[in-house]
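Listed here are the chains, written in short residue letters.
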Amino acid sequence: MARQIDDRLARLQQRRFDDSLPVMQEQYEKRSTNKATRYALGAMQQVDPRSTQISHEEFEKVERNLLEGLDKEGLQPKVRFQGSVPLNVHTRGVSDVDLLVIEGLYLRIEPCEGGQKSYLPYTGKGSLCDDVLYLRKKSKEVLDRRFWGAKVDGSPAKSIQLTEGGFRRKVDVVPSHWYDTATYQMTLNDTYRGIDVVDQYTRESFRNYPFLYMDKINSKDRETLGGAKMSIRLAKNVRNDADGDIELSSYDIGSLMFHCPSEYITSLPARDLMVLSGTDRWFDELASDMSFAMSLDTPDGTRKIIDNVDRWTGLTKLSSELNALASEVEREIIGPFGTPSYDRGEIRKRLNDGQIPLLPDEFGLGARF
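Residues numbered from 1 in each chain as written. Predicted model: local features only at pLDDT ≥ 70, side-chain atom pairs only at ≥ 80, totals over all residues. Heavy atoms only, no water.

(A) Expanded view of the packing of aromatic side chains. Per the stated rule, a full pass over the model turns up 6 aromatic pairs. When the ring centre of Trp 178 is taken as origin, the NZ or CZ atom of Arg 193, which lies over that ring, is 3.9 Å away. A cation over an aromatic ring shows up here: Arg 207 above the ring of Tyr 179, its NZ or CZ 3.6 Å from the ring centre. (Phe/Tyr/Trp six-rings, centres within 6.5 Å; stacked < 30°, edge-to-face > 60°. Lys NZ or Arg CZ within 6 Å of the ring centre and 35° of its normal.)

In structure tokens, the structure reads:
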């Protein structure tokens, strides 16, 4: 890895820092005196739960005020939380809040026979785009009135951004409408509902399936006993601390780890380095087989994950960064008198065999975080 370990540790700690909370040494920092190992541990861990709670509180504040204000305008949209924070794979103590405000009456419908839901004819404002832009206009007015001391920026193409004026997080309010898939109509499970977001300048719609993506990642995490989310945070932090840009989004990284064999990244007590080993192994396999890597779909099935040259280059760079971190940690495991290995399999075996003692919590049990 090009950056020195002290620099990477400082960047990691700064990223996890929330200046609204007391400065305290985190649990992972106490589990090892070795710097690369401490970096790997910290890169996997969730941020301070109180920081995450603050993000949820900011979401709830905007949700409450937006729904109350829009109700007085005769609008009854739905509001949903999306992104890394509700999924708990965010790597920043102060993470942005991504709030969907969804037109509740007018929507697009995938053709479906035998569905459990019936729909009324469209009677909106001329087009679904018009309905979403009207919802956007009214949302901006409500936010201006309710948060008059804050900066309410309506210039972004797809969102309204809230900052300053007592906001502890930047909040992106994203006007949109539902897309009811055939699977949703058959099951009435919101996981399968799509979202169409409208660009206010071009009037172009963009569809995604945030709830299906979150459901797939959560399922993978349960299957790996928490290892999947540890691996996603690890890869995101390594990307952030690389010497040079890596063109993979958080969504891309989560999608790649969704396809990782679960046995690579299953989390076991005191065996955190198995997740580093498995994440390194998986990215190495992908970087060694371009056609296979480019065949993988996002968890919601909307596109190939690696669908252009920039993403492929980003994948290979991230693989190299993970290789380097795994090698640094292996050297710390064997100590100054050991002989480092240049065989990737042997390095990963040493990581898999390495144990980092857990810290006793107040009940005398092992505490990981």
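(B) Summary view of the environment of Tyr 106. Mapped onto the elements, Tyr 106 comes out in strand 2 (residues 97-109). For the pair Tyr 106 and Leu 120, spaced 14 residues apart in the sequence, the C-alpha separation amounts to 9.2 Å. At 3.4 Å, the side chain of Tyr 106 forms a polar contact with the side chain of Thr 123. (Helix = DSSP H or I, 4+ residues; strand = E, 2+ residues; numbered from the N terminus. Polar contact = N/O pair within 3.5 Å; in protein donor to acceptor, adjacent residues only side chain to side chain.)

(C) Main features of the packing of helix 9 (residues 227-240) against helix 12 (residues 273-287). Where helix 9 contacts helix 12, the two axes come as close as 10 Å, and the packing angle between them is 70°. Between helix 9 and helix 12, the interaxial angle falls into the category roughly perpendicular. Judged by the twist between their axes, the crossing of helix 9 over helix 12 is right-handed. Within the contact between the two elements, helix 9 uses Gly 227, Met 230, Ser 231, Leu 234 and Ala 235 and helix 12 uses Val 275, Leu 276, Thr 279 and Phe 283. Residue classes in the contact of helix 9 with helix 12 are distributed as 6 nonpolar, 3 polar and no charged. (Axes fitted to C-alpha atoms, helices over the stretch in contact; angles between N-to-C directions. Parallel < 35°, antiparallel > 145°, perpendicular 65-115°, else oblique. Left-handed = near helix turned anticlockwise from the far one by under 90°. Contact = heavy atoms within 4.5 Å. Nonpolar A, V, L, I, M, F, W, Y, C, P; charged D, E, K, R; others polar.)

(D) How the structure looks around unusual backbone geometry. Even without glycine at this site, Leu 188 takes up a positive phi of about 60°. Tracing the chain through its elements places Leu 188 in the loop between helix 7 (182-187) and strand 6 (193-198). In this structure Leu 188 comes out as partly exposed when scored by relative accessible area, which is 39%. Positive phi, normally seen in glycine, also occurs at Arg 203, with a value near 65°. Along the chain, the position of Arg 203 falls in the loop between strand 6 and strand 7 (205-208). Exposure remark for Arg 203: the relative accessible area of 41% places this residue in the partly exposed category. (Buried < 20%, exposed > 50% of the residue type's maximum accessible area, 1.4 Å probe, protein only.)

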